[in-house]
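The residues making up each chain are set out below.
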Amino acid sequence: QVQLVESGGGVVQPGGSLRLSCSASGRIFSTSAMGWFRQAPGQEREFVAVISSNLKYYGGSANGRFTISRDNAKVYLQMDSLEPDDTAVYYCVARRVATMSRAAGDYDYWGQGTQVTVSS
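Because the structure is predicted, anything quoted here is derived from the model rather than measured.

Each value, and the rule that gives it
Residues numbered from 1 in each chain as written. Predicted model: local features only at pLDDT ≥ 70, side-chain atom pairs only at ≥ 80, totals over all residues. Heavy atoms only, no water. Salt bridge = Lys/Arg side-chain N within 4 Å of Asp/Glu carboxyl O. Buried < 20%, exposed > 50% of the residue type's maximum accessible area, 1.4 Å probe, protein only. Helix = DSSP H or I, 4+ residues; strand = E, 2+ residues; numbered from the N terminus. Pairing = 2+ DSSP bridges. Axes fitted to C-alpha atoms, helices over the stretch in contact; angles between N-to-C directions. Core = buried A, V, L, I, M, F, W, Y, C linked by side-chain atoms within 4.5 Å. Contact = heavy atoms within 4.5 Å.

### Observations regarding the pattern of salt bridges
Logical step 1: All told, the structure shown has 4 salt bridges when counted by the stated rule.
Logical step 2: Residues Glu-46 and Arg-38 are paired through a salt bridge, measuring 2.9 Å at the closest nitrogen-oxygen approach.
Logical step 3: Glu-46 sits in the partly exposed class, given a relative accessible area of 31%.
Logical step 4: Taking the relative accessible area as the measure of exposure, Arg-38 reaches 8% and is therefore buried.
Logical step 5: In this structure, Asp-86 and Arg-65 form a salt bridge, with 2.7 Å as the shortest nitrogen-oxygen distance. Of this pair, Asp-86 sits in the loop between β8 (74-79) and β9 (88-94) while Arg-65 is found in the loop between β6 (55-58) and β7 (66-71), placing the two residues 21 residues apart along the sequence.

In structure tokens form, the structure reads like this:
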């Protein structure tokens, strides 16, 4: 069984930065696609970014402000120039395969989520 544990969320002012981390335990391969989704109150889950081997793919919300990276079974999301619209619960996700996807239903494993609040 794979477990994903996120950390690094918190409260930040507009224009600030946060770095989210996700540690995977269990049967996760270095070739598995890993990434991030987010969900704001009253809204559907939204694709943020995914990484597989040396390939990266971002959703429109990342808009050049977010950077995903990976170190074996850990994945990170560096978020800069944060805006109030970035306020959401951020979820770490992983697939059993290397294929990247922006569809939430394609991910086999989800973390519990970490809250990010951007407010002055």
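### Some points on the sheet that holds β8
Logical step 1: Spatially, β1-β3-β8-β7 is the arrangement adopted by the 4 strands of the open sheet, whose pairing is antiparallel. Lying at the two open borders of the sheet, with one neighbouring strand each, are β1 (3-7) and β7. Each strand of the sheet is rotated relative to its neighbour by a mean of 15°, with strand direction disregarded.
Logical step 2: Pairing analysis gives 5 bridges linking β1 to strand β3 (residues 18-25), with the strands arranged antiparallel. In the strand pairing of β3, Glu-6 is matched with Cys-22.

### Details of the environment of Ser-120
Logical step 1: Relative to the assigned elements, Ser-120 resides in the segment after β11 (114-118).
Logical step 2: Exposure remark for Ser-120: the relative accessible area of 82% places this residue in the exposed category.
Logical step 3: With 108 residues separating them along the chain, Ser-120 and Val-12 place their C-alpha atoms 7.7 Å apart.

### Some thoughts on the nonpolar core
Logical step 1: Core analysis: the biggest nonpolar cluster contains 28 residues, and Leu-4, Trp-36, Leu-77, Met-79 and Tyr-90 have the highest contact counts within it.
Logical step 2: Mapped by element, the contributors of at least two residues to this core are β3, β4 (34-39), β5 (46-52), β7, β8, β9 and β11.
Logical step 3: Excluding its chain neighbours within four sequence positions, the residues that come into contact with Tyr-90 are Glu-6, Leu-20, Trp-36, Phe-37, Arg-38, Val-48, Phe-66, Leu-77, Met-79, Gly-113, Thr-114 and Val-116.
Logical step 4: Residues Ala-33, Phe-37, Val-50 and Val-93 belong to the second largest nonpolar core, which totals 6 residues.

### Some remarks on unusual backbone geometry
Logical step 1: Phi angles above zero are rare outside glycine, and Ser-53 is one such case at about 55°.
Logical step 2: Position of Ser-53 relative to the elements: it lies in the loop between β5 and β6.
Logical step 3: Of note in this structure, Ser-81 is not a glycine but carries a positive phi near 50°.
Logical step 4: In this fold, Ser-81 is placed in the loop between β8 and β9.

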